[in-house]
Amino acid sequence: SRLDHRSLSYNRRMNEAAQFAEAVGEMPPLDHSQVRLIIEETDSDYGDDSDDEEVCVETTALSHTEPTSEPRSKSETIKEPSETEETPQKAVKIEKCRRFWKHQPTYSFLDKLPDGVNCQDFVYKGIVSNPPEITKRGISRGNYAQLHRKAWLEVSDKYHRYGKNLRLYYKHWESLGYPTNQFFDWLDSKGEAAGQPLPCLEECNRTRLDSDTVLYIANPDITSKYELSIEINPQGKALVHDVDGKVVDTGPDGWIFVLRDGILYGARKVTSVTGQSKKRFHHSSFFCGKAVAAAGILITEGDGVLTRVYPHSGHYRPGEADMQRMLFHLHDKGVDLRSFDVDMQQILHVKRDNQKKGEDGVEKKKKKTQSLYLLPAIYLARLLAHKARAIGKGLFDQIHMIRKSGATNVTEALEVCDEGGYWSKLGRGRFAISQSDSN
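Keep in mind the model is a prediction, meaning the values are calculated, not measured.

(A) Looking closely at the overall build of the protein. The helix and strand inventory of the protein stands at 12 helices and 8 strands. By residue count, 49% of the 439 residues in the protein fall in the buried class. For the protein, restricting intrachain contacts to residue pairs at least 6 apart in sequence, the fraction spanning at least 24 positions comes to 72%. Taken as a whole, the protein presents about 22,700 Å² of accessible surface, with 51% of it coming from carbon and sulfur.

(B) Representation of helix H9 (residues 377-392) within the structure. In this model, H9 (16 residues) spans 23 Å end to end at C-alpha, consistent with the 22 Å of a helix rising 1.5 Å per residue. All buried positions along H9 are accounted for by Ala377, Ile378, Leu380, Ala381, Leu384, Ala385, Ala388, Ala390, Ile391 and Gly392. Downstream of H9 by a residue or two, Gly394 has a phi angle that is positive, lying close to 85 degrees.

(C) Structural context of helix H4 (residues 163-175). Compared with an ideal rise of 1.5 Å per residue, which puts 13 residues at 18 Å, H4 spans 18 Å between its outermost C-alpha atoms and is within 8% of the ideal. As for H4, its buried residues are in contact with helix H3 (152-156), helix H5 (183-187) and helix H6 (206-211). Gly177, located one to two residues past H4, shows a positive phi value of around 85 degrees.

(D) The packing of helix H8 (residues 320-332) against H9, seen in detail. Close contact between H8 and H9 brings their axes to 10 Å; oriented N to C, the two are set at 120 degrees. Between H8 and H9, the crossing angle belongs to the class labelled oblique. In this structure, H8 crosses over H9, and the sense of that crossing is left-handed. Facing Glu320, Met323, Gln324 and Leu327 of H8, the residues of H9 in contact are Ala377, Leu380, Ala381, Leu384 and Lys387. The residue inventory of the contact of H8 with H9, partitioned by class, reads 6 nonpolar, 1 polar and 2 charged.

(E) Molecular detail of unusual backbone geometry. Cis geometry marks the peptide bond from Asn130 to Pro131, where omega comes out at -5 degrees. Among the secondary structure elements, Pro131 is positioned in the loop between helix H2 (94-97) and H3. Positive phi, normally seen in glycine, also occurs at Asp261, with a value near 55 degrees. Looking at the element boundaries, Asp261 is found in the loop between strand S3 (255-260) and strand S4 (263-267). The phi torsion at His349 lies on the positive side, around 55 degrees, for a residue other than glycine. Along the chain, His349 falls in the loop between strand S7 (341-343) and strand S8 (374-376). A relative accessible area of 59% means that His349 is categorised as exposed.

Criteria and cut-off values
Residues numbered from 1 in each chain as written. Predicted model: local features only at pLDDT ≥ 70, side-chain atom pairs only at ≥ 80, totals over all residues. Heavy atoms only, no water. Helix = DSSP H or I, 4+ residues; strand = E, 2+ residues; numbered from the N terminus. Buried < 20%, exposed > 50% of the residue type's maximum accessible area, 1.4 Å probe, protein only. Contact = heavy atoms within 4.5 Å. Areas by Shrake-Rupley, 256 points an atom, 1.4 Å probe, with all protein chains shown as cover. Expected span 1.5 Å × (residues − 1). Axes fitted to C-alpha atoms, helices over the stretch in contact; angles between N-to-C directions. Parallel < 35°, antiparallel > 145°, perpendicular 65-115°, else oblique. Left-handed = near helix turned anticlockwise from the far one by under 90°. Nonpolar A, V, L, I, M, F, W, Y, C, P; charged D, E, K, R; others polar.

Here it is as structure tokens:
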């Protein structure tokens, strides 16, 4: 049943979380009632870059084949749920995706599963659903990272035209007062808009809109060509290989990656539709915009050694929980978390400096890759473990209570969060002592 499946998934995540705590040298509380889940803000403006501000690279040597509808055999594929039905646990190839440790602790710093819901009130009018149903597929298997709302138009478009261009046309449609019930009917002069001239904007003409598309891979056989494997050298460093066993040299700009069902996928990002590449290749390309466990950029040296991981993705907007899953995946493979660095600017809320004013006189933030804040991955792992413990102790609950109360001094703040009466008793004791001294 669905309840039994959730229970199995719950226990599995509990064990994984406990293993992660062990990996970073932290001992989580034994009492599950004391712990909470790390949940980052899903609608933060930090890192609110356009896709063009991500790493730009040339066309990859891997040919981006058009997706087909050929299904994989049951023995080869991890089955996907339909848009209205979750995949049963037994249909997932756990033995391929995840290696369990021999030691299975019963404690954990997580006490519940995230529900995977993108907690945003934003709604696009004129599309089938907000968010699109496909973005929820895979959540039941622990892939909790969903596409950011700015990519909803792109994934909803059957042609998968570049989201930034679609948003320009959506804003124009909005300014006209939503002349048809369906945005894409208006955009392509279909349905209620049949026979009307195709909309064309000066800042993004029709040719550019229709030709600038993103590859969305629907065939699992094609997606499997982007699988990456991790081997460990004697120093505990990760050696990254592609599906053919060749060493991956990403160059200084790195490869984009997604982690899904315990398998890592990566490729060079394609941000141009000129030359040999006919379509862009972004984080959403690997799985047609479905939910993933983590996304970002990885950088290796010429010998395939992993040196850096960036939580950079305009489509998935990775946060703390995503990086926690990525670090646990690498540690579970045997990677020494001291052997590579992670960009911490978003997690530590490091402000990006502005670039010099351009010809238009407008200052813009530097790209994330131009203002890196690098620290060894072990620092991030410990930070997340400590934060989880603080959440479990109720520290953040108390902070939120104090903020909402409008307390103006320390005494008022203590009274707000003094659920056990500790400070009240302490105050009465001090008062009694002072009275005794005065007598």
